[in-house]
There are 4 protein chains.
Amino acid sequence: MEKIIGLIDAPFTPFYENGDINLEPIPAYAAMLQKNGLKGVFINGSSGEGYMLTKEERMLLAETWIKAAPEDFKVIVHVGSCCVRESRQLAEHAQKAGAWGIGAMAPPFPKIGRVEELAKYCEEIAAGAPALPFYYYHIPAFNGAFLPMVKFLETVDGRIPNFAGIKYTFESLYEYNQCRLYGGGKFDMLHGQDETILPCLAIGGAQGGIGGTTNYNGKNLVGIIEAWKRGDLETARKLQDYSQLVINVICHFRGNIVGGKRIMKLIGMDLGPNRTPFQNITPDEEEQLRKELEEIQFFEHCNTL
Amino acid sequence: MEKIIGLIDAPFTPFYENGDINLEPIPAYAAMLQKNGLKGVFINGSSGEGYMLTKEERMLLAETWIKAAPEDFKVIVHVGSCCVRESRQLAEHAQKAGAWGIGAMAPPFPKIGRVEELAKYCEEIAAGAPALPFYYYHIPAFNGAFLPMVKFLETVDGRIPNFAGIKYTFESLYEYNQCRLYGGGKFDMLHGQDETILPCLAIGGAQGGIGGTTNYNGKNLVGIIEAWKRGDLETARKLQDYSQLVINVICHFRGNIVGGKRIMKLIGMDLGPNRTPFQNITPDEEEQLRKELEEIQFFEHCNTL
Amino acid sequence: MEKIIGLIDAPFTPFYENGDINLEPIPAYAAMLQKNGLKGVFINGSSGEGYMLTKEERMLLAETWIKAAPEDFKVIVHVGSCCVRESRQLAEHAQKAGAWGIGAMAPPFPKIGRVEELAKYCEEIAAGAPALPFYYYHIPAFNGAFLPMVKFLETVDGRIPNFAGIKYTFESLYEYNQCRLYGGGKFDMLHGQDETILPCLAIGGAQGGIGGTTNYNGKNLVGIIEAWKRGDLETARKLQDYSQLVINVICHFRGNIVGGKRIMKLIGMDLGPNRTPFQNITPDEEEQLRKELEEIQFFEHCNTL
Amino acid sequence: MEKIIGLIDAPFTPFYENGDINLEPIPAYAAMLQKNGLKGVFINGSSGEGYMLTKEERMLLAETWIKAAPEDFKVIVHVGSCCVRESRQLAEHAQKAGAWGIGAMAPPFPKIGRVEELAKYCEEIAAGAPALPFYYYHIPAFNGAFLPMVKFLETVDGRIPNFAGIKYTFESLYEYNQCRLYGGGKFDMLHGQDETILPCLAIGGAQGGIGGTTNYNGKNLVGIIEAWKRGDLETARKLQDYSQLVINVICHFRGNIVGGKRIMKLIGMDLGPNRTPFQNITPDEEEQLRKELEEIQFFEHCNTL
């Protein structure tokens, strides 16, 4: 199975002020991402507030991103939900609509406590899009599914034919590496934490990754990988350190989904508010956010439209 | 606002073997519950695998239960979901369909960390059914929303006009009692743990409750309240102790949603399997379950059709 | 084995301003507790900052309390520590010094993850005082030992000859009751949460308990049990509700160990500061604490010297 | 302040079969560690079961290690305990006995919830050995002190004169790096997870570290740093991957404190059993452990006496 090389972006979902989804910015959004070095998008995931969308909205977003995608730009559709039936329908739809691949995180409810439960959940969904690679999206801090990933790989290996790998959004580079080495490296281990791309490269990973801060800081994150590849450790460190500074800022503003989405407005691409229960950035907070970004010269280094 | 007196049942959702929802048993189910002393149902909640149903299935279940409800039998529809838009649509539908009330638990994703987030979430949903009482369903072990409930009451009091109270499924009888006393007792505090009805009665609560094991053990649970009311502490204790024995058994079979649902088959009302990711009771487990229930003479004391 | 009837107090440890332990107040402290209806003390526990004392200090405190104890006033010595050798020495010392009983909580480090580990830990300590009843002090919120207590009873039953029961400081009245019923009620289940004495009485427990707020609110807590015994539910509820108000206040001041200890000064028995890492009540906080207590007429209802 | 270059070992504490501490192996132990490339020891920490030792035992161990230390071999004494008074006495003793430095983890009881509490705890202890560098040992998985470390550095900076840095035993290389960069790199950030030395080197850290598996696998772990320094990434990766294999094995045997300690016997240095509540390796388990180690050719690559 093809392995992803380079960084995929997890885009935000644009909303109108009244809360309806707004499809208009998507073509420009896709072009901007490609211009800044991103290789595709992982839509309707956590950054995209996928769980907060209706099934119809998720389908519409998938169709729109697929149509808007420039050449050589992958669209992976996150289809996970608490309802496995709905997820399977979304998988079928993604394949029919022409997605490059699909993914699903563990449902947050009921909380998954056994590897077998997770395997069965993924199996039923992946079977809905048999022609597409399926990625498990491991993000236990969000859904409580703190399960051992090597054991999960052993369980799905040979059982889910289109299982491609894991989007690994967790701190353990030890477990990441054990998954990477599993079965002679047969699965695609996408690194999922922008703050540690360089350490992951060192152990032989991060050939491919999915980022959230890539939306506005993708150029620098792509730069880490490029610098590493040409043996320029000093630049790689400088860019990784800088990218952590950016993450420090969004941590002051309720993280990437809320604070990061508002940064998009500040760099010229207003994507609107977040859905309830997220608490939107107030005008005062927006001013503070701009100030903190200016202090690190962000607007001279960020993604450009 | 009217306060609920007596026990409401949280029914299981019947499925065919192929996994489709099965509406056929519902009229007999409703009649059985009323015959055994239950005052209504709280449908599409955790026992009902509500989060694992599509929006269309949830609406269909609501309509069917409302039609099937005998006189003086309340139908409360759980409309909570990760997507507040969908929840609001479900609330509107419930009101139009003739439900007695609605309820919603905190979404498990994104995990609610602030009382204000929860208040806003409930506010948007409750506004969809302004003519119906809205109950917040507090079950933090399931969704991680370990928020202080007195502060929550202070926040929604006067802000959500149709806020009725809390279905309180948590161990702290201290916090339960503080909520019960709040504002001179203005809100309806439905007790939500069948294992501690008697202790809750002692502090002045449990006038109303919502149970999960009431599906098959409702007669005994209703009996606790009746015995207490007539001052027969000995019988109340005996029935509470017995009800704990029943709960001990289901704890050996993955709890009420999985093990409890299979008990329904054993007492003559087969409601089919659970949805993925739940792991269904195997035939061997079913035999063991029957044996453990026989050991406590369950079939002589359980609900009758 | 004798079961404890009535409430035992968990006293604070008096310190001089320089942080040395202060033995002077102990005789008056013991007399005050007995005068207000307490049946004994459980010293060097969490309220007593036992883990923050040296071995020598713990022994000195044990000797002093035993000497100061009036007739019919039990002294139970908490001997738990991270070092099982030291705990055993403390157990031996307690027996030699004339204590009525001993107790130990699970060590917070290493975190206990298996019932067998806990059983072995208790076994080694209990063997140091074979002539005294040994109580396991279950307080998982403090030490992370969230282990199933019925299984623990099964494991120590017949293995630790002087095992007497559990000081149960946890919210699950379901598990408490299952422990109470275990083996025909052979073990002494001491209730350990002052906020829920009445609910516990209703299920047949709380014949004996160990309190922390009994230091200053013991009269009312003892009153709950007395009212219940004479069938006066109304008074029992009133006193339980009032006792919760007192607990509401200490929750604003870092809980019983910090806020509660300062209340002792306000009722006329200054016991000095807390040990690091506790953050002591500041003079401003003390004023606020006094004010909140006055608002609930505490000084007219509290323990009297 | 001098920064540590290279790896420090956290030794196990030798016990006789009867559970008494055994000082005899220590000189040979120290020599073996130096021979295999270690730069010193961090004694009485978690690997050393420090919390399970009496104060007298801890002092005796400190004196013995200091006497046994070869030239250019640092002895850092962990002095943390639940009793800050005892920790301070241990700090004073360590300085008088000639230790190179001291360290303390956050107490597991009471659980530290505020940075200020931790700062005060460290301040009182560090003041006991003003001539020695003090290291905070951050290992939140063991003691629940999940506190933000950059904020902690801000709090102690300029307040604890002999504060040297952090032994960082946690997965977040993001936070590690932010601490490393704090104040122009003024503090010594000792890396504390043997499974991720290489990733940490990549971001500019791990110049110094403290290991637990270094007791038997130190040669390979030291080799990672040496290979990295000479630009040999391939060897560094090979050694890091191998070191993870060793860690995979000990994870099957209750981790380093229990399983790792028994490996010492298998490589020729029997250090005896663990203290209660640890469950010792059984003879059957020991055979299995040997077998799993043989499968990865461990005995050809391990530390040599």
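Residues numbered from 1 in each chain as written. Chains lettered and ligands numbered in written order. Predicted model: local features only at pLDDT ≥ 70, side-chain atom pairs only at ≥ 80, totals over all residues. Heavy atoms only, no water.

Note: interface size is frequently given as the accessible area lost on complex formation between the parts. With 35 residues of chain A at the contact, the number on the chain B side is 35 residues. Approximately 3100 Å² of surface area, both sides summed, lies buried where chain A meets chain B, with 62% of it carried by carbon and sulfur atoms. Of all residues in chain A, Arg85, Phe109 and Thr276 of chain A bury the most surface against chain B, accounting for 24% of the area lost on that side. Linking chain A to chain B there are 2 salt bridges. The salt bridge involving Asp20 of chain A is made with Arg85 of chain B; its shortest N-O contact spans 2.6 Å. (Contact = heavy atoms within 4.5 Å. Buried area = accessible area lost by both parts, 1.4 Å probe. Salt bridge = Lys/Arg side-chain N within 4 Å of Asp/Glu carboxyl O.)

The two chain copies are connected by a rotation around an axis plus a translation along it. Once chain B has been moved 0.0 Å along the axis and rotated by 180°, it coincides with chain C to within an RMSD of 0.0 Å. What the rotation and shift describe, once combined, is the action of a two-fold rotation axis. Of the C-alpha atoms belonging to chain B, the one lying closest to the rotation axis is found on Pro199 of chain B, 2.0 Å away. When the interface residues of chain B are mapped onto chain C, 100% of them are again interface residues, pointing to one common binding face. (Least-squares fit on C-alpha atoms with pLDDT ≥ 70 in both.)

As a further point, take the pattern of salt bridges. Using the criterion set out here, one finds 60 salt bridges over all chains in the structure. Between Arg290 of chain B and Glu287 of chain B there is a salt bridge whose closest N-O contact spans 3.5 Å. Here Arg290 of chain B pairs with Glu287 of chain B, and both are found in helix 12 (residues 283-295), just 3 residues apart, close to one helical turn. Arg290 of chain B sits in the partly exposed class, given a relative accessible area of 28%. For Arg262 of chain D, the salt bridge is made with Glu286 of chain D, and the minimal N-O distance between the two is 2.8 Å. With Arg262 of chain D in helix 11 (residues 255-266) and Glu286 of chain D in helix 12 (residues 283-295), this pair connects stretches of sequence that are 24 residues apart. Across this residue pair, the class does not change: Arg262 of chain D and Glu286 of chain D are buried. Among the charged side chains, a salt-bridge network with shared partners connects Glu116, Glu123 and Arg159 of chain A. (Helix = DSSP H or I, 4+ residues; strand = E, 2+ residues; numbered from the N terminus. Buried < 20%, exposed > 50% of the residue type's maximum accessible area, 1.4 Å probe, protein only.)

So, about the nonpolar core. Ranked by size, the top nonpolar core spans 441 residues in total, and within it Tyr136 of chain A, Tyr136 of chain B, Tyr136 of chain C together with Tyr136 of chain D carry the most contacts. Among all residues touching Tyr136 of chain A, those that are not within four sequence positions of it are Ala104, Met105, Ala106, Leu118, Cys122, Ala145, Met149, Phe152, Phe163, Gly165, Ile166 and Lys167 of chain A. (Core = buried A, V, L, I, M, F, W, Y, C linked by side-chain atoms within 4.5 Å.)

In this complex, chain B contributes 24 residues to the contact, which on the side of chain C involves 24 residues. Of the roughly 2000 Å² buried between chain B and chain C on both sides combined, carbon and sulfur atoms contribute 56%. Taken together, the links from chain B to chain C amount to 0 salt bridges. Inspection of the region where chain B meets chain C yields 14 residue pairs in polar contact (both at pLDDT 80 or more). Looking at the side of chain B that touches chain C, the elements that each hand over two or more residues are helix 7 (173-181), helix 8 (197-202) and helix 10 (233-251) of chain B. Tallying contributions element by element places helix 10 of chain B first for the side of chain B that touches chain C, with 7 residues. Classifying every residue of the side of chain B that touches chain C gives 12 nonpolar, 7 polar and 5 charged. (Polar contact = N/O pair within 3.5 Å; in protein donor to acceptor, adjacent residues only side chain to side chain. Nonpolar A, V, L, I, M, F, W, Y, C, P; charged D, E, K, R; others polar.)

Another aspect to go through is the relation of the copies chain A and chain B. Placing chain A over chain B gives an RMSD of 0.0 Å and needs a rotation angle of 180°, together with 0.0 Å of translation along the axis. When the interface residues of chain A are mapped onto chain B, 100% of them again fall at the interface, so both copies present the same face.

With that out of the way, let us pick up the packing of aromatic side chains. Given two aromatic rings, one states the distance between the centres and the angle between the planes to describe the pair. A full pass over the atoms with the stated rule returns 56 aromatic pairs over all chains. Consider the rings of Tyr168 of chain B and Phe170 of chain B, whose centres lie 6.3 Å apart with planes at 65°: the pair is edge-to-face. Relative accessible area serves as the criterion here: at 1%, Tyr168 of chain B is assigned to the buried category. According to the relative accessible area criterion, Phe170 of chain B is partly exposed, its value standing at 24%. Taken together, a centroid distance of 6.3 Å and an interplanar angle of 40° make the contact between Phe134 of chain D and Phe163 of chain D tilted. With a gap of 29 residues between them, Phe134 of chain D in strand 5 (residues 134-138) and Phe163 of chain D in strand 6 (residues 163-168) connect regions that are remote in the sequence. Site record: aromatic cluster; members linked through ring pairs are Phe134, Tyr136, Phe152, Phe163, Tyr182 and Phe187 of chain A. (Phe/Tyr/Trp six-rings, centres within 6.5 Å; stacked < 30°, edge-to-face > 60°.)

Moving on: the pairing of strand 8 (residues 208-211) of chain D. Residue and element names in this part refer to chain D. By the alternation rule, side chains of strand 8 split into Gly208 and Ile210 and Gly209 and Gly211, which are all buried. Taken together, the 4 bridges between strand 1 (residues 6-9) and strand 8 define a ladder with parallel strand orientation. Among the inter-strand pairings, Asp9 is bridged to a residue of strand 8, identified as Gly211. (Pairing = 2+ DSSP bridges.)

Our focus in this paragraph is the confidence of the model for chain A. The pLDDT averaged across chain A works out to 97; a share of 100% of its residues lies at or above 70. Both scores are available for the predicted complex, with the pTM at 0.97 and the ipTM at 0.97. (pLDDT = per-residue confidence, 0-100.)

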